[in-house]
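One letter stands for each residue in the lines below.
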Amino acid sequence: EDIDYVLKELLMKKYGVDIVFKRIDSSKFSIEKYQGIVNTYDALGYEVVCTSVDYLEKAANEANRYNSGATGSGLKNMFTIFRTYNYEQNIMFMTPHQIAVDALSILRGGVTDVEFLKLIKGKNFTQGSRGLPQEFDVEILIHLCKVSGIDYQAVQIGKLKRPEYVNPLHKFMLIPFEKNS
């Protein structure tokens, strides 16, 4: 209900904001295609302030173009190129990424769901490239967990280039899921 209200207000251009969703086949995705999209909206008079790519990692063909031989180098180099372009354009760029499978061994070792994110933050547990977090300005880890029979979304801020903006007490939170009625 709150999301519907926000979208309605934004889409009515009451605040001069347009939200554009564009679906692109990840096998045909490239930095050039991305830049072309941003440039097109810029030429139409829009100010692009934020973009989000649903799993940039899925653009495997693009990552392979930047592979320098080391494991995960193509993925890391691709993230570097996207980050640099967006930084230069003053565009916030967001993309989700999977936690590495080996991080799950920590859970199997008896750590509680609540402690899991606190233990892996800042330790480069990213799927496909351990060096990938070097390219992040902000890292937000999310994990679904159950505490006393209640389902939660655990959220942990890992890397944060400007830590003075967030109270350390607010870097971890449990958000309960509402029961379906």
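The structure presented is a predicted model; accordingly, all values stated were derived computationally and were not measured.

## Things to note about the nonpolar core
Of all hydrophobic cores here, the largest spans 15 residues; its most connected members are F29, Y34, L56, M78, F79 and F82. For this core, the secondary-structure elements that each account for two or more residues are α2 (31-43) and α4 (73-88). Per-element accounting of this core gives the leading share, five residues, to α4. Core analysis: the second largest hydrophobic core is formed by 11 residues, A103, F116, L117 and L141 among them.

## Description of the sheet that holds strand β5 (residues 172-176)
Pairing is antiparallel in the open sheet, where three strands are placed in the order β3-β4-β5. Looking along the sheet, the strands with just one partner apiece sit at the ends: β3 (138-147) and β5. Recorded for the sheet is a direction-independent mean angle of 25° between the axes of neighbouring strands. Sheet analysis places strand β4 (residues 150-160) next to β5, joined by five bridges and oriented antiparallel. Note on β5: the bridge partner recorded for Q153 is I175. Along the sheet face, helix α6 (residues 113-120) touches β3, β4 and β5 and points at about 160° away from the line of β3.

## Describing unusual backbone geometry
Residue N90 is not a glycine yet carries a positive backbone phi of 60°. Counting through the fold element by element, N90 comes out in the loop between α4 and β2 (92-94). With a relative accessible area of 67%, N90 lands in the exposed category. Phi at S148 takes a positive value of approximately 50°, unusual for a residue other than glycine. With respect to the secondary-structure elements, S148 resides in the loop between β3 and β4. Residue class for S148 comes out exposed when judged on its relative accessible area of 73%.

## Things to note about the side chain of H97
With respect to the element layout, H97 can be found in the loop between β2 and α5 (104-108). Not counting chain neighbours up to four residues away, the residues in contact with H97 comprise Y55, E57, L75, F79, T126, Q127 and L132.

## A word on the packing of α2 against α4
Here α2 crosses α4 at 20°, and the two axes come no closer than 11 Å. The angle between the axes of α2 and α4 places the two elements in the roughly parallel class. You can see that α2 and α4 cross each other, and the crossing is right-handed. For the pair formed by α2 and α4, the contact residues are I31, Y34, Q35, V38 and N39 on the first element and I81, F82, Y85 and N86 on the second. Along the lines of polarity and charge, the residues of the contact of α2 with α4 split into six nonpolar, three polar and no charged.

What counts and what doesn't
- Residues numbered from 1 in each chain as written.
- Predicted model: local features only at pLDDT ≥ 70, side-chain atom pairs only at ≥ 80, totals over all residues.
- Heavy atoms only, no water.
- Core = buried A, V, L, I, M, F, W, Y, C linked by side-chain atoms within 4.5 Å.
- Buried < 20%, exposed > 50% of the residue type's maximum accessible area, 1.4 Å probe, protein only.
- Helix = DSSP H or I, 4+ residues; strand = E, 2+ residues; numbered from the N terminus.
- Pairing = 2+ DSSP bridges.
- Axes fitted to C-alpha atoms, helices over the stretch in contact; angles between N-to-C directions.
- Contact = heavy atoms within 4.5 Å.
- Parallel < 35°, antiparallel > 145°, perpendicular 65-115°, else oblique.
- Left-handed = near helix turned anticlockwise from the far one by under 90°.
- Nonpolar A, V, L, I, M, F, W, Y, C, P; charged D, E, K, R; others polar.

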